[in-house]
Amino acid sequence: MVTGVKSSELKEMEKKRMQFNKIKKLMSILLCITMIFVVVGCSKEEKKETAVTKEQIDSFVSQSIESDGFKDELAFVDEEKALDQYGITKEEIESITAYLGTGASAEELVCIKTKDTDKIKSLMTQHLEEQKKNFESYLPDEVPKIESALVEVKGDYVIVCVADKIDTIKKLQSDNL
């Protein structure tokens, strides 16, 4: 034994050391749990935004068509023609609303409801790349519109818009969706 130190003092010191070790273990466990939450929280993909209703989409579409955002006169395209235009099958979507320009511009507005938004967004991005290539030699003034196109996922909808005044359309989208 250590000389000059009473056994009761040794017991008290040992008790404090054990309490200190317990606190260190507890702090280590809490730190590990915190780190797990941070890693898990940062690694998750963002969830889809809150649900968007058909009424909200319809309102956005009608306000967009009536706005001064488009230079060209857009015309409604039926589902069959729209699916063909974008290379999408009926099985991949729940619904599609499409308005296309006359061909004298690249302008278009498309809203597609689907369960696989990533796939449809990818297909629509490919469509825009093809449009860009086509218009580079045909009507090069339309290329900047395609490059600044709106391509977004809102809930179960993929929204694509090529417009002369894309900021007008983006504001309407922000206000409605």
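The following paragraphs examine the structure supplied in this document. (Residues numbered from 1 in each chain as written. Predicted model: local features only at pLDDT ≥ 70, side-chain atom pairs only at ≥ 80, totals over all residues. Heavy atoms only, no water.)

1. Focus: the overall build of the protein chain
Our working rule: Runs of E in the DSSP output that reach at least two residues are strands. Runs of H or I that reach at least four are helices, and both are numbered from the N terminus. The quantity called the radius of gyration is restricted to C-alpha atoms. Its globule counterpart is 2.2 Å times the number of residues to the power 0.38. For every residue, the accessible area (1.4 Å probe, protein chains only) is compared with the maximum for its type, and the residue is labelled buried under 20%, exposed over 50%, or partly exposed between those bounds. Contact criterion: two residues are considered in contact whenever any of their non-hydrogen atoms come within 4.5 Å of each other. Residue burial considers only the protein chains on display, and all accessible areas are found by Shrake-Rupley using a 1.4 Å probe. Charge counting treats Lys and Arg as positive and Asp and Glu as negative, with His and both chain ends excluded. For charged residues, the charge sits on one atom: NZ in Lys, CZ in Arg, CG in Asp, CD in Glu.
From N to C terminus, the protein chain includes six helices and five strands. Each helix (α) and strand (β) of the protein chain, taken in turn from the N terminus, gives the series α-α-β-α-β-β-α-α-β-β-α. Relative to the globule expectation of 16 Å for 177 residues, the C-alpha radius of gyration of the protein chain, 30 Å, shows a markedly less compact shape. Along the three orthogonal principal directions, the C-alpha set of the protein chain runs to about 100 × 35 × 30 Å. Taking all 177 residues of the protein chain together, the buried fraction comes to 34%. Taking the intrachain contacts of the protein chain between residues at least 6 apart in sequence as the baseline, contacts between residues at least 24 apart amount to 61%. Of the roughly 11,700 Å² of accessible surface on the protein chain, a fraction of 55% belongs to carbon and sulfur atoms. In the protein chain, 26 side chains carry a positive charge and 34 a negative one; their mean positions are 18 Å apart.

2. A few points about helix α2 (residues 54–66)
Worth spelling out the cut-off: Here the expected span of a helix is defined as 1.5 Å times the quantity of residues minus one. Directions are taken from the helix axis to each C-beta atom, and the arc is the one they span.
Here α2 spans 18 Å end to end across 13 residues, near enough to the 18 Å set by a 1.5 Å rise per residue. Among all positions in α2, only Ile57, Phe60, Val61 and Ser64 are buried. Relative to the axis of α2, the buried residues are bounded by an arc of 95° and lie together on one face. What points out from α2, more than 90 degrees from its buried face, is the exposed set Glu55 and Glu66. In this fold, the buried residues of α2 make contact with β2 (95–100), β3 (108–113), β5 (157–162) and α6 (166–176).

3. Re the environment of Lys113
By the secondary structure assignment, Lys113 is in strand β3. Taking the relative accessible area as the measure of exposure, Lys113 reaches 23% and is therefore partly exposed. When the C-alpha positions of Lys113 and Ile57 are compared, they lie 9.8 Å apart, and in sequence the two are 56 residues distant.

By themselves these figures say nothing about function.
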